[in-house]
Amino acid sequence: MKVVISLSGIFFEDATRIKQMAEVLEEIAKSYGLYIVTGGGKIARERIKIARALGANETICDYIGIAVTRVNAKLLISALRSAHPEPFSAYNEVAGAGLGEEARISVMGGVSPGYTTDAVAAILAEYVNADLFIDVTSVDGVYDADPRRYPEAKKYDKLTAKELVALTAKEELKAGSRIVIDPVAAKIIERSRIKTLVIDGNNPRDILNAVQGKHHGTVINPE
Ligand code: UTP
């Protein structure tokens, strides 16, 4: 079974957290083909804000975000024993490298302007024919509004991919925007029909539980 995991940039802000995350990922990789995509988090948003203030356009801001996601990919690789030694920068490189005995985990950051690492992970999941895609964020699922800003927001336990597309279509796709799942990712999830979970990763062991079918997040089913 192949699993693709998108890890929000929030999990790369200190060594302890990265180490805890890496331990759980190593455990998952004992039983599953594992592909990780790392987000850019606060640092990406801060750098993008500075670039925008200097007059950079959205594509340049996106490239700055991508650079930060790749730094986080390197940080994660530093904490893993069985990852390919360099982050991949294109989907076909990942598939070409395969998952061998020594390197059981593939890690990559961002790829191209116009979307976020959620979309990268969704495309990678489609490309490698993953059985499961898990979007690991700092909130415990998909809500009808950002729960960090609107405490009365309602959480969905399950959604169809079509409902997810409708929900995310109204989101703004500016560089560094904080949306739980980006609209490009939602469209890819819809077309690939890959089962998707959106879960909270603040306790990294919950990722292992989710791979094994136990979670309190949102399930996105093809129908
Ligand atoms: P993230 O995937 O981290 O975005 O990429 P995010 O939604 O802020 O996610 P969190 O906070 O980590 O969960 C950071 C920025 O990098 C650019 C985008 O501008 C994105 O907002 N990016 C990333 C791209 O343009 N293309 C990519 O493939 C990846």
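Here the structure is a predicted model, which means the values were calculated and not measured.

K.L.:
How should helix α2 (residues 41-53) be read in this particular structure?
P.N.:
Because each turn of an α-helix spans 3.6 residues, side chains separated by three or four positions in sequence point in the same direction. Helix length check: α2, at 13 residues, gives a terminal C-alpha distance of 19 Å against a target of 18 Å (1.5 Å per residue), a fit within 8%. For α2, the full list of buried residues reads Gly 41, Ala 44, Ile 48 and Ala 51. Around the axis of α2, the buried residues are gathered within 75° of arc, so they sit on the same side. Across from the buried face of α2, at angles greater than 90 degrees, the exposed residues are Lys 49 and Ala 53. Phi turns positive one or two residues past the end of α2, at Gly 55, with a value near 100°.

K.L.:
Sorry if this is basic, but what is going on with unusual backbone geometry here?
P.N.:
As a rule of thumb, non-glycine residues mostly have phi less than zero, and peptide bonds are mostly trans rather than cis. You will see that Asn 129, though not glycine, has its phi angle at about 55°, which is positive. A relative accessible area of 60% means that Asn 129 is categorised as exposed. Phi is positive for Arg 193, which is not a glycine, with a value near 65°. Note on placement: Arg 193 falls in the loop between α7 (183-192) and β8 (195-200).

K.L.:
Before we go on, may I ask you to explain helix α1 (residues 15-29) in this structure?
P.N.:
An ideal rise of 1.5 Å per residue puts 21 Å on 15 residues; α1 measures up with 21 Å between its terminal C-alpha atoms. Where α1 is concerned, the buried positions are Arg 17, Ile 18, Met 21, Ala 22, Val 24, Leu 25, Glu 26, Ile 28 and Ala 29. The N-capping residue of α1, defined by a side-chain oxygen 3.1 Å from the backbone nitrogen of Thr 16, is Asp 14.

K.L.:
Is there a simple way to explain the environment of Ile 66 in this structure?
P.N.:
Within the fold, Ile 66 resides in helix α3 (residues 58-79). Put simply, Ile 66 and Tyr 127 are 61 residues apart on the chain and 20 Å apart in space, counted from C-alpha to C-alpha. Ile 66 has contacts with Gly 110, Val 111, Ser 112 and Pro 113, leaving out every residue within four places of it along the chain.

K.L.:
I'm lost on the packing of α2 against α3 in this one. Help?
P.N.:
Helix-helix packing is characterised by the crossing angle of the two axes and by the distance between the axes. Direction vectors running N to C along α2 and α3 enclose 150°, while the axes themselves pass 9 Å from each other. As summarised for this structure, α2 and α3 are arranged roughly antiparallel, according to the angle between their axes. Here α2 runs over α3; the crossing is right-handed. Contacts between α2 and α3 involve Ile 43, Ala 44, Arg 47, Ile 48, Ala 51 and Arg 52 on the former and, on the latter, Glu 58, Cys 61, Ile 64, Gly 65 and Val 68.

K.L.:
Honestly, the side chain of Glu 26 in this entry has me stumped. Any pointers?
P.N.:
Looking at the secondary structure, you find Glu 26 in helix α1. On the basis of relative accessible area, Glu 26 is assigned to the buried category, the value being 4%. Looking at Glu 26, its side chain comes within polar contact range of the side chain of Ser 82, at 2.4 Å. Excluding residues that lie within four positions of it along the chain, Glu 26 makes contacts with Leu 80, Arg 81, Ser 82, Arg 104 and Ile 105.

K.L.:
Mind showing me how you'd approach the pattern of salt bridges here?
P.N.:
Oppositely charged side chains can pair when the atoms bearing their charge come close. In this structure the tally under the stated criterion is 9 salt bridges. For the salt bridge of Arg 52 with Glu 58, the shortest nitrogen-to-oxygen distance reads 2.9 Å. Judged by its relative accessible area of 31%, Arg 52 is partly exposed. Among the residues examined, Glu 58 registers a relative accessible area of 30% and is labelled partly exposed. A salt bridge links Asp 146 to Arg 148, with the nearest nitrogen and oxygen atoms 3.0 Å apart. Judged by its relative accessible area of 37%, Arg 148 is partly exposed.

What counts, and where the lines are drawn
- Residues numbered from 1 in each chain as written.
- Predicted model: local features only at pLDDT ≥ 70, side-chain atom pairs only at ≥ 80, totals over all residues.
- Heavy atoms only, no water.
- Helix = DSSP H or I, 4+ residues; strand = E, 2+ residues; numbered from the N terminus.
- Expected span 1.5 Å × (residues − 1).
- Buried < 20%, exposed > 50% of the residue type's maximum accessible area, 1.4 Å probe, protein only.
- Arc of directions from axis to C-beta.
- Polar contact = N/O pair within 3.5 Å; in protein donor to acceptor, adjacent residues only side chain to side chain.
- Contact = heavy atoms within 4.5 Å.
- Axes fitted to C-alpha atoms, helices over the stretch in contact; angles between N-to-C directions.
- Parallel < 35°, antiparallel > 145°, perpendicular 65-115°, else oblique.
- Left-handed = near helix turned anticlockwise from the far one by under 90°.
- Salt bridge = Lys/Arg side-chain N within 4 Å of Asp/Glu carboxyl O.

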